[in-house]
Amino acid sequence: MRHEELRESVPVLTFPRQTLVSLLVFAVVWEALSHLAPYLGIPPFAIPSLVRIARSIATITPIDVVVTLARVIGALIVSFVLGLALAMAMYRSDSLNKYLHPMIRLLMAVPVVSWILFAVLWFPGVEFRIGFVLVVVCGPVFLVDTLDAMHGVPRELRHMMRSFRPTTLQYFFKLILPAIVPTIFTSWKVNISLAIRVVTIAELVGAVTGIGHQLSVAQELFSVADVFAWTLVLVALLFLLEAVVARAEARILRWRT
Amino acid sequence: MAHMSGPPPIEVRGLRKVFRQTTTGQAVVAIDRLDLAIAPREVVAIVGQTGCGKSTFFDLMIGLEAPSEGAIHIGDKSPYADFDHFRGSIATVFQQDRLLPWRSALDNARLPLELIGLPEEEQRERALMWLNRLGLGQFTNAYPHELSGGMRQRVAIARAFAVGPDILLADEAFGHLDEVTAAELRDTFLKLARECGSTAILITHQLEEAIGVGDRIIVFGKSARLLADIHVREWDKNRYALLREAIQSTLQNNLADPRLASVP
């Protein structure tokens, strides 16, 4: 059977030749520039050699990576649960939807920097500040995406389901929730990228651990190599989290292929 | 689940359904003072032109819409006001299969059984039994997109029968299939409905289908008023061509053809 074959096929992380070539070209150009910098009037620390960057990578402190990762995952889970719960309530109650929708749009229009300043002024605890900023930025994205998807469940399926007289909970858990799973995955992918960027900025202010803090230290030391190394770690984290979500997506949404 | 004593009778009295158009606010009468009674285990075909209110009647029968005036009673209960009372006793087959794409054929067929809270093992056994009866024993784990249109509709029929309903409603359930598949599925549907002792109401716009399946044909005029109520078994099979002509003329003129009154 075709479907049985498809169930086994989950995507593996591929690394196409073109990607490898473009990365190699970038590395060669960077290395060449680092050697040519003094002749071009660029300060030597501005473009460190790859060896210097490799040395910085070797000094990466895993605890900072783990702390940032934990902050991102924790905040994403809280944002998702809150966003989904509120979306379910707004889907169920039209008047709640009408009252809350403008407020959600307003929250989404506030710049991240403003949220960070509010967090610093409102809350004394560093962890709470970072969590607050992440949740207030990512939560509304989960909410809006899932609510739109709930409203987009085909009328024919809603009609069919209602004809079998489900309870409210059955209606949600057997129709609405499974129907919006593809959107939930898309929303997670968007929010992972958003959270990685936001957590770095949030950690720059007041945190004494995490990648954002280490980037701040590197900036104070004028160490471009360290900035480069920590940035690489951030990018790798983003790719890793995206790969985990993509794998879960392929497994759970195998019915789509 | 079906009553041990058999399905209850259906009585429609003075049924009227008026919709208000969203854009103009104008009232549209979809069903106008409809009276009819359907006996337990009867197989009834409702025939009418497009836009005559057949589907509105279907929604009212399921209980998804409230009558504007009048009432539908199944036994002594209303499918709208006593909505939950009919969980597991009314089942539907739609024009499109309306299967949940993320569920396998087996999981689609057992959906109504989950809703009535049967133990999981029993759900599987019953759904599997119905899929086997509909010739889908080899495809229980297939997803809807892996099945043909006819196979998907079979799953939808299995889903409707699995719950053992008192009343089966089919809205143009075979109209979108090719003639051979449609005829085959229609026969299976009727055979199973009669075996199960369910009351079956089939809504269709195809005269051949209506004459072929129903113990009784109810002809809807515009807007869903009763133009004719024909007990097919009282007609000699040799005169089906005349019956067909008379129904056609009734539909065209929106007026009962006198030939329908004189059963040969």
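Draft legend 1. Broad picture of the overall build of chain B. The number of helices and strands found in chain B is eight helices and nine strands. Overall, the C-alpha framework of chain B stretches about 55 × 45 × 40 Å when taken along its three principal axes. Looking at the 264 residues of chain B, the share that counts as buried comes to 45%.

Draft legend 2. Focus on unusual backbone geometry. Unusually for a residue other than glycine, A:Phe222 sits at a positive phi of about 55°. Following the sequence through the fold, A:Phe222 ends up in the loop between helix 10 (211-220) and helix 11 (224-252). For A:Phe222, a count of 11 C-beta atoms within 10 Å translates into the label exposed. A positive phi is found at B:Glu172, a non-glycine position, where the angle reads about 50°. Note that B:Glu172 resides in the loop between strand 6 (167-171) and helix 6 (179-196).

Draft legend 3. Structural context of the interface of chain A and chain B. Between chain A and chain B, the residue contacts involve 16 residues of the former and 21 residues of the latter. At the level of elements, helix 1 (2-8), helix 8 (155-163) and helix 9 (168-204) of chain A are the ones that each hand at least two residues to the side of chain A that touches chain B. Per-element accounting of the side of chain A that touches chain B gives the leading share, six residues, to helix 8 of chain A.

Draft legend 4. Local environment of the confidence of the model for chain B. All names here are of chain B. Here chain B shows a mean pLDDT of 88. Residues at 70 or above account for 96%. The weakest mean pLDDT in chain B belongs to helix 7 (residues 207-213) at 82; the strongest belongs to helix 2 (residues 105-109) at 97. Our summary of model confidence lists the complex with pTM equal to 0.84 and ipTM equal to 0.88.

Draft legend 5. View of helix 5 (residues 149-162) of chain B. Residues and elements named next belong to chain B. Compared with an ideal rise of 1.5 Å per residue, which puts 14 residues at 20 Å, helix 5 spans 20 Å between its outermost C-alpha atoms and is within 8% of the ideal. Helix 5 sits mainly inside the fold: eleven of its 14 residues count as buried. Considered for burial, the residues of helix 5 that qualify are Arg152, Gln153, Arg154, Val155, Ala156, Ile157, Ala158, Arg159, Ala160, Phe161 and Ala162. On its buried face, helix 5 is in contact with strand 5 (90-93), helix 2, helix 3 (111-115), helix 4 (120-133), strand 6 and helix 6. Immediately beyond the C-terminal end of helix 5, within one or two residues, lies Gly164, with a positive phi of roughly 65°.

Draft legend 6. Summary view of the sheet that holds strand 1 (residues 10-20) of chain B. Residues and elements named next belong to chain B. A sheet is described by the order of its strands in space; here three strands give the open sequence 2-1-4, paired in antiparallel fashion. Edge positions in the open sheet fall to strand 2 (27-38) and strand 4 (69-74), since each of these has one partner strand only. Averaged over all pairs of adjacent strands, the angle between their axes in this sheet comes to 25°, without regard to strand direction. Of the pairings in the sheet, the one linking strand 1 to strand 2 comprises eight bridges and is antiparallel in character. Of the residues in strand 2, the one forming a bridge with Val18 is Val29.

Criteria and thresholds
Residues numbered from 1 in each chain as written. Chains lettered and ligands numbered in written order. Predicted model: local features only at pLDDT ≥ 70, side-chain atom pairs only at ≥ 80, totals over all residues. Helix = DSSP H or I, 4+ residues; strand = E, 2+ residues; numbered from the N terminus. Buried ≥ 20, exposed ≤ 12 C-beta atoms within 10 Å, placed from the backbone. Contact = placed C-beta atoms within 7 Å. pLDDT = per-residue confidence, 0-100. Expected span 1.5 Å × (residues − 1). Pairing = 2+ DSSP bridges. Axes fitted to C-alpha atoms, helices over the stretch in contact; angles between N-to-C directions.

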